[in-house]
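Listed below are the residues making up each chain.
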Amino acid sequence: MPKLKTKSGAKKRFKLTATGKVKCAQAGKRHGMIKRSNKFIRDARGTTTLSEPDARIVKQFLPYG
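Residues numbered from 1 in each chain as written. Predicted model: local features only at pLDDT ≥ 70, side-chain atom pairs only at ≥ 80, totals over all residues. Heavy atoms only, no water.

Our focus in this paragraph is the overall build of the protein. On a plain count of helices and strands, the protein comes out with three helices and three strands. Helices and strands appear in the protein in the N-to-C order α-β-β-α-β-α. In terms of C-alpha radius of gyration, the protein reaches 15 Å, well past the compact-globule figure of 11 Å for 65 residues. Expressed along its principal axes, the backbone C-alpha trace of the protein runs to roughly 50 × 20 × 20 Å. Buried residues in the protein amount to 12% of all 65 residues. Carbon and sulfur atoms make up 54% of the accessible area of the protein, which amounts to about 5700 Å² in all. (Helix = DSSP H or I, 4+ residues; strand = E, 2+ residues; numbered from the N terminus. Rg over C-alpha atoms; globule rule 2.2 N^0.38 Å. Buried < 20%, exposed > 50% of the residue type's maximum accessible area, 1.4 Å probe, protein only. Areas by Shrake-Rupley, 256 points an atom, 1.4 Å probe, with all protein chains shown as cover.)

Taken in spatial order, the three strands line up as S1-S2-S3 in an open sheet, and their pairing is antiparallel. Edge positions in the open sheet fall to strand S1 (14-16) and strand S3 (47-49), since each of these has one partner strand only. Strand-to-strand twist of the sheet, defined as the mean angle between neighbouring strand axes without regard to direction, takes the value 35°. Of the strand pairs in this sheet, S1 and strand S2 (residues 22-25) are connected by three bridges, and their pairing is antiparallel. Of the residues in S2, the one forming a bridge with Lys 15 is Lys 23. (Pairing = 2+ DSSP bridges. Axes fitted to C-alpha atoms, helices over the stretch in contact; angles between N-to-C directions.)

Judged by nonpolar contacts, Ala 10, Phe 14, Val 22, Cys 24, Ala 55, Val 58 and Leu 62 together constitute the single largest core of seven residues. Secondary-structure elements contributing two or more residues to this core are S2 and helix H3 (52-61). Discounting residues that sit within four places of it in the chain, Phe 14 has contacts with Val 22, Lys 23, Cys 24, Leu 50, Val 58 and Leu 62. (Core = buried A, V, L, I, M, F, W, Y, C linked by side-chain atoms within 4.5 Å. Contact = heavy atoms within 4.5 Å.)

Let us now look at the environment of Arg 13. Relative to the helices and strands, Arg 13 is located in helix H1 (residues 8-13). Judged by relative accessible area, which is 57%, Arg 13 ranks as exposed. Polar side-chain contacts of Arg 13 include one of 3.1 Å to the backbone oxygen of Gly 9. (Polar contact = N/O pair within 3.5 Å; in protein donor to acceptor, adjacent residues only side chain to side chain.)

On to a positive patch on the surface. Together, Lys 11, Lys 12, Arg 13 and Arg 30 make up a positively charged patch on the protein surface. Using a relative accessible area of 46% as the deciding quantity, one classes Lys 11 as partly exposed. (Patch = residues over 30% accessible without salt bridge, like charges linked within 9 Å, V, L, I, M, F, W, Y side chains within 5 Å. Salt bridge = Lys/Arg side-chain N within 4 Å of Asp/Glu carboxyl O. Lys, Arg positive; Asp, Glu negative; His and termini not counted. Charge placed at Lys NZ, Arg CZ, Asp CG, Glu CD.)

So, about the environment of Lys 5. Position of Lys 5 among the secondary structure elements: in the segment before H1. In this structure, the C-alpha to C-alpha distance between Lys 5 and Tyr 64, residues 59 residues apart in sequence, is 9.1 Å.

In structure tokens:
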């Protein structure tokens, strides 16, 4: 069986944790910070994990984890 290719966009944006969850950056922080509340900016710091239905899709793009 041939090797599977990893989607280039996915490997730049997502990582898998040791337990198999998908880790990604928080959304909504590229521009327009002046209209966002301080609470939103504070809560959107760092990374988050994807929900299970979204993680299932991303795991197809990352066949080798």
